[in-house]
Amino acid sequence: MELLEQIKERYLDRLSPATFRSRLFWKTVEGLALSPLNRPQWKADRVSLAYFLRATRDAYLHRAPVVWCNLLTPSELVLGSGCIPFYPEMAAAVAASAGLAPRFIDRAAEEEFPSDACSYHRCLLGCALEGFLPEPDLLLAVNYPCDSAPLSFAFLGDLYRAPLFVLEAPLPGRERGVEELAGRMAEAARAMAGLSGRREREMMEGLSTAVELSNRALRHLREVEEMRKRDDCTLDGKDAMGNVSVLAGCLGSQAGADFYRLLAEELRERGCRGKNGLRIMWMHLKPWYSQTIFQILEKHGARLVCEEYTHATWEAMDPRDPFPSLARKLGGHFLVGAAERRVSHLVRLAREYRVDGAIHYNHWGCRQSCGSAPLAKGALQRAGVPTLIIDGDCIDDREYQEGQVATRLEAFLESLK
Ligand code: SF4
């Protein structure tokens, strides 16, 4: 039985905000996670599981200052400053996997948060209003890929009386903007170091170590990417898509470097055991509460060989100069700037991974991805990659028409054969 299922079985009926603040709860969860019965698919997953359990436990038990972040907030900046990064968007995905998201989304609706807003944020707002999230000491939001985090974090900053820093990613090509962002990152790092009690020199050493560890993770991630381009690679996107949490929240830690090292090693060891079949690219994220799409893909001999959010988008950084390096990493992301950047990036990925087809999951309320989906579809089709757009919701299963999705997906996969 999966770890989440075991936790649900033991705790679901008596789940309360106090549960997450109890040492006994975390001891039980850690025991279940380390049990030989809980065998993750990949050795690397054990490293990321242990890291996130420890970080989440420490955030709830407030063992260090807690900093709330969104998807593109560099975890290196937070870890290097001696704080715990906490990603409430990931908490929303976990709530969805546990079948709890509708309850929190309904709570956000009671506060009149608009129903056409992203359900990741409606869910995390509901969780926060009910007291289910660890209190932040500071909130750090990047204004890309969307406005959701700066807006909901502003509300939550007031709720928790915690300061909010918004990192404005510069438009591509604006070197001045990179300098400004580096300055803003330095300001945020000093505020975080003030909370963790690190002096300037300790903070700079911490950041330098975090950047060095992030570079190590990047080297191994590039190896993983090269192996995934092969026909016989055994890593399927149904497992790899969850690695978005590692890419967002683990870089700058020893666990992040170990995760990608182990994954690369295991892929080399497992060697040529992958089956030939349809090679598919996945765009945006998946519904976290359902496995049906992956079962259908498997039935048709199709594999996800690359996903939009799980690969490296930056170059190695300079540990002696962390702020400009991290500013370049953030500013160079393909989701920063005009939609055409995202589209040309997706076309390049499709070519590199030699995909037979591509699927865009249109998450309800996500302007940045749904808005550019028709552009992406047009560009991919012109590049010879048949593309399917599926409407749904990553978090709220009430907005997911399973039968309709299955019919369209089956027809699409048949057309690729
Ligand atoms: S799903 Fe879209 S709208 Fe929601 S947080 Fe992510 S990028 Fe923003």
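Now for a description of the structure that goes with this document. All values derive from a computational prediction rather than experimental measurement. (Residues numbered from 1 in each chain as written. Predicted model: local features only at pLDDT ≥ 70, side-chain atom pairs only at ≥ 80, totals over all residues. Heavy atoms only, no water.)

Let's talk about the state of the cysteines
Convention followed: The criterion for a disulfide is a pair of cysteine sulfur atoms lying within 2.5 Å. Each residue is placed in one exposure class: buried if its accessible area under a 1.4 Å probe, protein chains only, is under 20% of its type's maximum, exposed if it is over 50%, and partly exposed if it falls in between.
A complete count under the given rule lists 0 disulfides for this structure. The thiol of Cys69 is not disulfide-bonded; the next cysteine sulfur, from Cys83, is found 9.4 Å away. What makes Cys69 buried here is its relative accessible area of 0%. Summary of cysteine pairing: Cys370 is not part of a disulfide, and the nearest cysteine sulfur, belonging to Cys366, is at 5.5 Å. A residue is classified by how much of its surface remains accessible, and Cys370, at 23% relative accessible area, is partly exposed.

Focus: the packing of aromatic side chains
Each aromatic ring pair is characterised by the separation of its centres together with the angle its planes make. Under the convention used in this document: Stacked, edge-to-face and tilted are the three classes for Phe, Tyr and Trp ring pairs, Trp counted by its six-membered ring, which pair at centre distances within 6.5 Å; planes under 30 degrees apart are stacked, over 60 edge-to-face, the rest tilted. Helix numbers and strand numbers start at the N terminus; a helix is a DSSP run of H or I with at least 4 residues, a strand a run of E with at least 2. Remark: a charge is flagged as sitting over a ring if the NZ atom of Lys or the CZ atom of Arg is within 6 Å of the ring centre and within 35 degrees of the ring normal.
Applying the stated rule across the entire model yields 15 aromatic pairs. Centre to centre, the rings of Phe20 and Tyr60 are 5.2 Å apart; their planes meet at 25°, and the pair counts as stacked. With Phe20 in helix H2 (residues 17-20) and Tyr60 in helix H4 (residues 43-60), this residue pair connects regions lying 40 residues apart in the sequence. Judged by its relative accessible area of 16%, Phe20 is buried. Between Phe20 and Phe132, the aromatic rings sit 6.0 Å apart at their centres with planes inclined by 80°, giving edge-to-face as the arrangement. A residue pair is termed long-range when its members are at least 10 positions apart, and Phe20 in helix H2 and Phe132 in the loop between helix H8 (119-129) and strand S3 (138-142) qualify at 112 residues. Comparing Phe20 with Phe132, the two get one shared label, buried. Cluster of aromatic residues (ring-pair linked, three or more members): Phe20, Phe25, Trp26, Tyr60, Phe104 and Phe132. Sitting above the plane of the Tyr353 ring, Lys229 keeps its charged end 5.5 Å from the centroid. Here the guanidinium or amino end of Lys329 rests over the ring plane of Trp314, the centre of that ring lying 4.4 Å away.

A short note on the side chain of Glu76
Operational definition: By definition, residues are in contact when any of their heavy atoms lie within 4.5 Å.
Structurally, Glu76 is set in helix H5 (residues 75-80). Looking at Glu76, the relative accessible area reads 0%, which means it is buried. Residues contacting Glu76, with those up to four places away along its chain left out, are Leu207, Ala210, Ser214, Leu251, Gly252, Met317, Leu326 and Lys329.

Points about the packing of helix H17 (residues 339-352) against helix H18 (residues 367-382)
Quick note on the threshold: Between N-to-C directions, angles cover 0 to 180 degrees, with each direction set by a line fitted to C-alpha atoms, over the stretch in contact for helices. Angle categories: roughly parallel below 35 degrees, roughly antiparallel above 145, roughly perpendicular from 65 to 115, and oblique for all the rest. Here a crossing is called left-handed whenever its near helix is offset anticlockwise from the far helix by less than a right angle, and right-handed whenever the offset is clockwise. Charged means Asp, Glu, Lys or Arg here, nonpolar means Ala, Val, Leu, Ile, Met, Phe, Trp, Tyr, Cys or Pro, and polar covers whatever is left, Gly included.
The interhelical angle for the contact between H17 and H18, taken along N-to-C directions, is 50°, at an axis separation of 9 Å. When the axis of H17 is compared with that of H18, the two are oblique. By crossing handedness, the relation of H17 to H18 is classed as right-handed. From H17, Ala339, Glu340, Arg342, Val343, Leu346, Val347 and Ala350 reach across to H18, where they touch Gln368, Ser369, Ser372, Ala373, Leu375, Ala376, Ala379 and Leu380. In terms of residue class, the contact of H17 with H18 is made up of 10 nonpolar, 3 polar and 2 charged.

Things to note about the pairing of strand S7 (residues 357-363)
Our working definition: We call two strands paired when DSSP finds no fewer than two bridges between them. Looking down the strands as they point away from the viewer, one classifies a crossover as right-handed if the path from the first strand across the helix to the second runs clockwise.
The buried count for S7 comes to 7 of 7 residues, which makes it a mostly enclosed element. Going residue by residue along S7, you find Gly357, Ile359, Tyr361 and His363 tucked away on one face and Ala358, His360 and Asn362 tucked away on the opposite face as well. Strand direction decides the pairing type here: strand S5 (residues 278-283) and S7, joined by 4 bridges, are parallel. Note on S7: the bridge partner recorded for Trp282 is Ile359. Note: S7 against strand S8 (residues 387-392), 6 bridges, orientation parallel. From the neighbouring strand, Tyr361 faces S8, where its bridge partner is Ile390. For the crossover that starts at S7, traverses H18 and ends in the parallel S8, the hand is right-handed.

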